[in-house]
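# Observations on the three-dimensional arrangement
These are the residues of each chain, in order.
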Amino acid sequence: MSRLTVPKTYKLYIGGKFPRSESGRTYEVVAADGAFLANAAQASRKDARDAVVAARAAVGGWAGATAYNRGQVIYRIAELLEGRRAQFVDEIQSSEGVSAAEAGAQVDLAIDVWVWYAGWADKYAQVAGNANPVSGPYFNLSVPEPTGVVAAVAPQGVTGGSLLGLVSVLAPIVVSGNTVVVVADERAPLSAISLSEVLATSDVPGGVINMLTGSPAEIMPWLASHADVNALDLTGAGSIDGAKGETWVDLQLAAAETLKRVVPPVAGIPRPALERITAFVETKTVWHTKSML
């Protein structure tokens, strides 16, 4: 018996759910040869605000989890991604125009990035923190703590990097207890939404990772000026060209109004690094008296 193919509906991922854009807007995602692939939701200002609300609500629980628990949750993402490898290879191959081998290598690297950062979850504090020598009968300890809500831009238009670039931005942000609102690769967002499905079926609490698709040039100015966003990761913002000629520098200036921490754009895909974890932690120093007994 013949049957019709059931096309996939690609939506946003906010607060652990899959809403359509509040505006009802969509845009066409096309293959490297120009063939139509899918309609993706085009996030609006309201969608960005909803994502920030969800991320803020999730900060307490995620930051309060033990480092060991966060590491296990992040490792679980890698396990589920491994189980759906064929789907991701197919989506990357169709949207980026790369070979099956190249798409498979990208998925494997993305899995490895999740595992690499999961391993650092209960170790980075020993490297980033320390016990300080002080005069007097006190312990003085410096401990890294999460910054809060981070707004991020995944690398844009990097062939062979729609999934790997996204994961390389997300993993170091969430490993330390931050929550994130991320704008996926506008040209090739299919693997980003499929990653959202992996997150939804994993142990990641709703609101920890929120995925928006659409134009970074349109969405990021609202996130950069949002008073409830604590930091910006502009890794993929180097190519932003707004309607009024805005660039990533304008986003940095908007962030300065509310004293946000900003990570500037990088060329290509960032390599796994401890510095990407510590970019979004704040150092808290605690004094404690020594026992007199």
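Remember, it's a predicted structure, so these values are computed and weren't measured experimentally.

### Observations concerning the sheet that holds strand 8 (residues 231–233)
A sheet is described by the order of its strands in space; here five strands give the open sequence 7-6-5-8-9, paired in parallel fashion. If you trace the sheet from one side to the other, it starts and ends with strand 7 (209–212) and strand 9 (261–263), each paired once. Between one strand axis and the next, the sheet turns by 15° as a mean value, whatever way the strands run. As paired elements, strand 8 and strand 9 share three bridges and run parallel to each other.

### Focus: the sheet that holds strand 4 (residues 138–146)
Across the sheet, which stays open at both edges, the three strands sit in the order 3-4-10 with antiparallel pairing between neighbours. In this open sheet, the two strands that pair with only one neighbour each are strand 3 (130–131) and strand 10 (281–289). As judged from the two bridges shared by strand 3 and strand 4, these two strands associate in the antiparallel manner. Each residue of the ladder has a partner; that of N130, found in strand 4, is S142.

### A few points about the packing of helix 8 (residues 216–224) against helix 9 (residues 248–256)
Packing of helix 8 against helix 9 leaves a shortest axis separation of 8 Å and a crossing angle of 20°. Taken together, the axes of helix 8 and helix 9 lie roughly parallel to each other. The segment helix 8 lies against helix 9, with M220, P221 and A224 engaging L251, A254 and A255. In terms of residue class, the contact of helix 8 with helix 9 is made up of six nonpolar, no polar and no charged.

### Focus: a nonpolar patch on the surface
Taken together, the side chains of F139, L141, V143 and V286 define a hydrophobic patch exposed on the protein surface, amounting to about 310 Å² of accessible area. The topology assignment puts L141 in strand 4. The class for L141 is partly exposed, based on a relative accessible area of 39%.

### A look at the environment of G161
Along the chain, G161 turns up in the loop between strand 5 (149–153) and helix 6 (162–174). Look past the residues within four positions of G161 in its chain and what remains in contact with it is E96, Q106, L166 and I269.

### Some details on the packing of helix 3 (residues 85–96) against helix 4 (residues 100–120)
Packing of helix 3 against helix 4 brings their axes to within 8 Å, and their N-to-C directions diverge by 125°. The orientation of helix 3 with respect to helix 4, classified from their angle, is oblique. The handedness of the crossing between helix 3 and helix 4 comes out as right-handed. Where helix 3 abuts helix 4, its residues R85, F88, V89, I92, Q93 and E96 lie against A100, A103, G104, Q106, V107 and D108. Taken together, the residues of the contact of helix 3 with helix 4 sort by class into six nonpolar, three polar and three charged.

### Here we look at the pattern of salt bridges
Summed over the entire model, instances satisfying the criterion amount to 12 salt bridges. For K8, the salt bridge goes to E91, with nearest N and O atoms at 3.6 Å. Of this pair, K8 sits in the segment before strand 1 (26–30) while E91 is found in helix 3, placing the two residues 83 residues apart along the sequence. Classification of K8 by relative accessible area gives partly exposed; the value is 30%.

Rules used throughout
Residues numbered from 1 in each chain as written. Predicted model: local features only at pLDDT ≥ 70, side-chain atom pairs only at ≥ 80, totals over all residues. Heavy atoms only, no water. Pairing = 2+ DSSP bridges. Helix = DSSP H or I, 4+ residues; strand = E, 2+ residues; numbered from the N terminus. Axes fitted to C-alpha atoms, helices over the stretch in contact; angles between N-to-C directions. Parallel < 35°, antiparallel > 145°, perpendicular 65-115°, else oblique. Contact = heavy atoms within 4.5 Å. Nonpolar A, V, L, I, M, F, W, Y, C, P; charged D, E, K, R; others polar. Patch = residues over 30% accessible without salt bridge, like charges linked within 9 Å, V, L, I, M, F, W, Y side chains within 5 Å. Areas by Shrake-Rupley, 256 points an atom, 1.4 Å probe, with all protein chains shown as cover. Salt bridge = Lys/Arg side-chain N within 4 Å of Asp/Glu carboxyl O. Buried < 20%, exposed > 50% of the residue type's maximum accessible area, 1.4 Å probe, protein only. Left-handed = near helix turned anticlockwise from the far one by under 90°.

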